[in-house]
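Letter by letter, the chains look like this.
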Amino acid sequence: MNQQRQKPHYSMCRGFRIPMGFPVTCFESGLSYNAQPEDNFIVTYPKCGTTWVQHIVWMLHHDGEPLPVGKDINLEVPHLEEVGADFVAAMASPRFIKTHLPYSFTPYCADAKYIYIARNPFDCVVSFYYHTKGFVKHYNFAEGTFNDFFECFIEGEVDWGDYFEHLLSWYDHRQDDNVLFITYEAMKADTSNYIREIANFLGSSYLDKLNNAEIFNSILKHTSFTSMSQDQSRWSSQRPKEMTPFIRKGEIGDWKNHFSEDKIARLSDKFRNKTAGTDIAMLWADLIPN
Ligand code: PPS
């Protein structure tokens, strides 16, 4: 007997599916936030390395100090669409702001900075599945299977919309002066180098801090997967204990444990169709199945 397909539940705002726990008014106001010259945005499609980079920028800004117990990274580097414009406007400058918005919806200021992190869609959908299953109050999808979620993802019927539309919207701006476009996989392969890249992009005062080996090593250590995984109970309290941890595996290629041949073919086809005429496949030349 065929089991009925489960779908995550969402609220809707301005055509976006959004997690049910996000106040629609905050999402709406987040879209109209007036970006300021000293703002630094960390932009991702969900599950592509946001939290990792939130911690890196926070530590860079705090001279290598790890996030103290009692502080919440999601209040320090808040999610624009979750907290809304007023919360972000009230923060001291320079602000560090998380967003999952596609380019055309992201508040723009020519002098603001935008760090975009892309991750291959195969690992992204797996990570997004565990996330959606885990945050019951946001999605009511605790019984959902990977098969169920995959169908929603490939149709773009998930929060923040279609993975490929998002990626393409930012890829088009990868060479803009105020955009740093990086991949999760490159960050994993050479984290030291990308901490420097991020610091350099934020400005010389940040890069200079990394001349201090203590600061540099502290950032490297405390933002490693191992440290963040051990520390996560301090800042991801919303997640029920029995659910998969938020900082889950942090691997490249975990999708191979979840994909059937049919799913490989379908997502590869969608990847090829959506990215035709671009060099996006080169971002993950060894990873994306032909
Ligand atoms: S969210 O909910 O969109 O903000 O999620 P996001 O932080 O973008 O992505 C979560 C995935 O990133 C992995 N992660 C890390 N990987 C490597 N190193 C570090 N330090 C790190 N921190 C988080 C996290 O484990 C999620 O990926 P998966 O594949 O699920 O493990």
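The following refers to the structure shown. Just so you know, these numbers come straight off a predicted model, no measurement behind them.

Cut-offs applied
- Residues numbered from 1 in each chain as written.
- Predicted model: local features only at pLDDT ≥ 70, side-chain atom pairs only at ≥ 80, totals over all residues.
- Heavy atoms only, no water.
- Near = heavy atom within 4 Å.
- Polar contact = N/O pair within 3.5 Å; in protein donor to acceptor, adjacent residues only side chain to side chain.
- Areas by Shrake-Rupley, 256 points an atom, 1.4 Å probe, with all protein chains shown as cover.
- Helix = DSSP H or I, 4+ residues; strand = E, 2+ residues; numbered from the N terminus.
- Contact = heavy atoms within 4.5 Å.
- Phe/Tyr/Trp six-rings, centres within 6.5 Å; stacked < 30°, edge-to-face > 60°.
- Buried < 20%, exposed > 50% of the residue type's maximum accessible area, 1.4 Å probe, protein only.
- Lys NZ or Arg CZ within 6 Å of the ring centre and 35° of its normal.

### Focus on the site of the ligand
Phase 1 of the analysis: Near the ligand you find 22 residues, and of these T50, T51, S127, K249 and G250 are the closest.
Phase 2 of the analysis: In the model, an oxygen atom of the ligand is placed 2.8 Å from a nitrogen or oxygen of the K47 main chain.
Phase 3 of the analysis: When the ligand sits alone it has 650 Å² of accessible area, and the protein chains cover 98% of it.
Phase 4 of the analysis: Counting residues per element, the shell around the ligand draws most heavily on helix α2 (residues 50-61), at 3 residues.

### Here we look at the side chain of H100
Phase 1 of the analysis: Relative to the elements of secondary structure, H100 occurs in the loop between β4 (96-99) and β5 (113-118).
Phase 2 of the analysis: Within polar-contact distance, the side chain of H100 engages the backbone oxygen of T44 at 2.9 Å.
Phase 3 of the analysis: H100 has contacts with T44, Y45, P46, T50, H79, E81, W160 and H166, leaving out every residue within four places of it along the chain.

### A few points about the environment of A189
Phase 1 of the analysis: Here A189 is to be found in helix α10 (residues 184-189).
Phase 2 of the analysis: Spatially, the C-alpha atoms of A189 and A285 are 14 Å apart, while their sequence positions differ by 96 residues.

### A look at the environment of V179
Phase 1 of the analysis: Among the secondary structure elements, V179 is positioned in strand β6 (residues 179-183).
Phase 2 of the analysis: C-alpha separation for the pair V179 and G277, spaced 98 residues apart in sequence, amounts to 21 Å.
Phase 3 of the analysis: Excluding residues that lie within four positions of it along the chain, V179 makes contacts with Y114, W170, H173, R174 and F201.

### Observations regarding the packing of aromatic side chains
Phase 1 of the analysis: Using the criterion set out here, one finds 36 aromatic pairs in the structure.
Phase 2 of the analysis: Seen in terms of ring centroids, Y10 and Y139 are 5.8 Å apart; in terms of plane orientation they differ by 80 degrees. Their pairing is edge-to-face. With Y10 in the segment before β1 (11-13) and Y139 in helix α7 (residues 136-139), this residue pair connects regions lying 129 residues apart in the sequence.
Phase 3 of the analysis: The class of Y10 is buried, set by a relative accessible area of 17%.
Phase 4 of the analysis: A cation over a ring is seen here: R119 above Y184, with NZ or CZ 4.0 Å from the ring centre.

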